[in-house]
Amino acid sequence: MKLESITLHRVAMPLVRPFETSFARQTTRVLLLVHVRTSEAEGWAECVAMEGPLYSSEYVEGAEHVIRSYLAPALLKATDVTAETVGPLTAFVVGHRMAKAALEAAVLDAQLRASGVSFGGYLGAVTDWVDCGVSVGISPDLDTLLDEVSGYVDEGYRRIKLKIKPGWDLIPVYAVRELIGPDMLLQVDANTAYSAADIAHLGRLDPFNLVLIEQPFVEEDIATHVALARAIETPVCLDESIVSVGVALDAIERGATSVINIKPGRVGGYLESVRIHDLCVAHEVPVWCGGMLETGVGRAANVALAALPGFILPGDTSASSRYFAEDLVEEPFVLGTGEHAGQLAVPTGPGTGVTVREDLVRDWALVAPVTLRG
Ligand code: OSB
Ligand code: MG
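Rules used in this analysis
Within every chain, residues take consecutive numbers counted from 1 along the sequence as written. Written order decides the labels, with chains lettered from A and ligands numbered from 1. Residue-level local features of this predicted model are given only where pLDDT is at least 70; pairs of side-chain atoms are given and counted only at 80 or more, and the full residue set underlies all totals for whole chains, interfaces and linings. Excluding hydrogens and water, the side-chain values take into account all heavy atoms of the structure. Helix axes use the C-alpha atoms of the stretch in contact, all axes being lines fitted to C-alpha atoms, and the angles between their N-to-C directions lie in the range 0 to 180 degrees. For the purposes of this entry, the term helix denotes a DSSP run of H or I that reaches at least four residues, the term strand denotes a run of E that reaches at least two, and both are numbered from the N terminus. Throughout this description, any angle smaller than 35 degrees is read as roughly parallel, any larger than 145 degrees as roughly antiparallel, any in the 65 to 115 degree range as roughly perpendicular, and the remainder as oblique. Note: crossing handedness is left-handed where the near helix turns anticlockwise from the far helix by less than a right angle, and right-handed where it turns clockwise. In what follows, residue pairs with any heavy atoms lying within 4.5 Å of each other are defined as contacts. For this classification, the nonpolar set comprises Ala, Val, Leu, Ile, Met, Phe, Trp, Tyr, Cys and Pro, the charged set comprises Asp, Glu, Lys and Arg, and every other residue, Gly included, is treated as polar. Note: two strands are recorded as paired if DSSP finds a minimum of 2 bridges between them. Buried means the residue's accessible area, taken with a 1.4 Å probe over protein chains only, is under 20% of the maximum for its type, while exposed means over 50%, and partly exposed covers the values in between. Being near a molecule or strand, for a residue, means having at least one of its heavy atoms within 4 Å of it. Two N or O atoms form a polar contact when they lie within 3.5 Å of each other; inside protein one atom must be a possible hydrogen donor and the other a possible acceptor, and for residues adjacent in sequence the pair counts only when both atoms belong to side chains. Domain start and stop points were drawn from an automatic or database domain assignment. Between Lys or Arg on one side and Asp or Glu on the other, a salt bridge is scored when a side-chain nitrogen of the former is within 4 Å of a carboxyl oxygen of the latter.

As recorded in an unreviewed UniProt entry, the protein chain goes by the name o-succinylbenzoate synthase, listed as coming from Cryobacterium psychrotolerans.

Describing the packing of helix H9 (residues 245–254) against helix H11 (residues 270–282)
Across the interface, H9 lies against H11 with an axial gap of 9 Å and an inter-helix angle of 20°. As far as their axial angle goes, H11 and H9 are roughly parallel. As for the relative orientation of H9 and H11, their crossing is right-handed in sense. Counted together, Val245, Ala248, Leu249 and Ile252 of H9 and Glu272, Arg275, Ile276, Leu279 and Cys280 of H11 form the full contact between these two elements. Residue classes in the contact of H9 with H11 are distributed as seven nonpolar, no polar and two charged.

Considering the sheet that holds strand E3 (residues 42–47)
Remark on secondary structure: sheet strands pair via backbone hydrogen bonds, oriented parallel or antiparallel. Strands sit in the order E3-E2-E1-E13 across an open sheet of four strands; the sheet is antiparallel. The sheet terminates laterally at E3 and strand E13 (370–373), the two strands that pair on one side only. On average, adjacent strands in this sheet sit at an angle of 25° to one another, irrespective of strand direction. With six bridges connecting them, strand E2 (residues 25–38) and E3 associate as antiparallel partners. Paired with Val36 across the two strands is Gly43, which belongs to E3.

So, helix H8 (residues 222–231)
Inspection of H8 places Ile222, Thr224, His225, Val226 and Leu228 among the buried residues, and these make up the whole buried set. On the buried face of H8, the contacting elements are helix H7 (199–203), strand E8 (213–214), strand E9 (236–238) and H9.

What to know about the site of ligand 1
In the vicinity of ligand 1 lie 18 residues, with Lys163, Asp189, Asn191, Leu293 and Tyr323 positioned nearest. In the model, an oxygen atom of ligand 1 is placed 2.9 Å from a nitrogen or oxygen of the Asp189 side chain. In terms of residue class, the shell around ligand 1 is built from seven nonpolar, three polar and eight charged. Here the shell around ligand 1 spans two domains, and each of domain 1 (3–115 + 357–373) and domain 2 (121–345) adds at least three residues to it.

Some thoughts on the pattern of salt bridges
Summed over all chains, the structure comprises 19 salt bridges. A salt bridge links Lys165 to Glu20; the shortest N-O distance between them is 4.0 Å. With Lys165 in the loop between strand E6 (159–163) and helix H6 (170–180) and Glu20 in strand E1 (residues 3–20), this pair connects stretches of sequence that are 145 residues apart. Owing to a relative accessible area of 29%, Lys165 belongs among the partly exposed residues under this scheme. The closest approach of N and O atoms between Lys161 and Asp189, which form a salt bridge, is 3.1 Å. Of this pair, Lys161 sits in strand E6 while Asp189 sits in strand E7 (residues 185–189); the two residues are 28 residues apart in sequence, bridging distant segments of the chain. Summarising the burial analysis for this pair, Lys161 and Asp189 share the class buried. Overlapping salt bridges bring together Arg159, Lys161, Lys163, Asp189, Glu214 and Asp316 as one network.

In structure tokens:
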């Protein structure tokens, strides 16, 4: 396909409740949407970068800048652009995986719409419904936390993930385990808030029968994750550290991670996500689909990815209502009922299968959209 234009929309969406992690407290989701026009069709994607460089080095205005200055010009001057060539055409830029992933996903959406294939069909989905978990932020107090968790259990979520940090770990985990009972899936995510000196302390989570502990140490530090995995029974799962299939292989071989959280934005796109998935299947490492407070645009593609066979644990693929009163798409994600309680249906229409509400994109715009042409 020939890429005719790339339009960047920076929007801000109100969250239904503040979301607090060990690195930030958010009340609004500021995000970048990418809209491409090709000779064949249009495509939309969402860049998962957050407003500030706190989860990773990427952030919304940085992603916008690198797209405008480097990535978009390279794609707009190419004669044939497909999702498969976005990676090679942008490989000259170091890093900036979230920005690259958004471009690849927008091109993929256009390409699949043109050929009438869904994301799930293209990526290799094997199920129509995926199991959903929910990520629960750090609360001002235990009562608020337990209220929030009870609400999610009542909605049908199949797994609870608690955000933890030093000073907010053993007690909330104990209280939530008491609330939800011994059998419900429960896991924790530290977003790099601990250090090697905390290994013995993190071992005190072992009695709570957690599915996993996610990313306790900084992204570059594979070695301390190896030391933790040897010292405790709770499986260690890497998120921030896994930025490519190469790092995933290294972390698996060194014993740093026995479960992997795949986030397409963090690893540079859906194609790299499938490569990591395939690697994990070959090594019998379970995977699950992470989340970045996606709107329906990114959520649709994540739900399709989560339908691949190696995604055997529930993902952070929650319903739209987990974060947004009104989603950016005409088909918000709603949990199923009956046998599909706690699940989301994998979209079946061409591309992501969702339709962007351009009225809301306009209403929630932070700045005027920018259109780039070759
Ligand atoms: O570490 O998984 C994370 C949100 C923003 C940045 C990082 C993370 C998260 C979440 C929420 O845990 C996942 C979601 O529900 O989208
Ligand atoms: Mg995480």
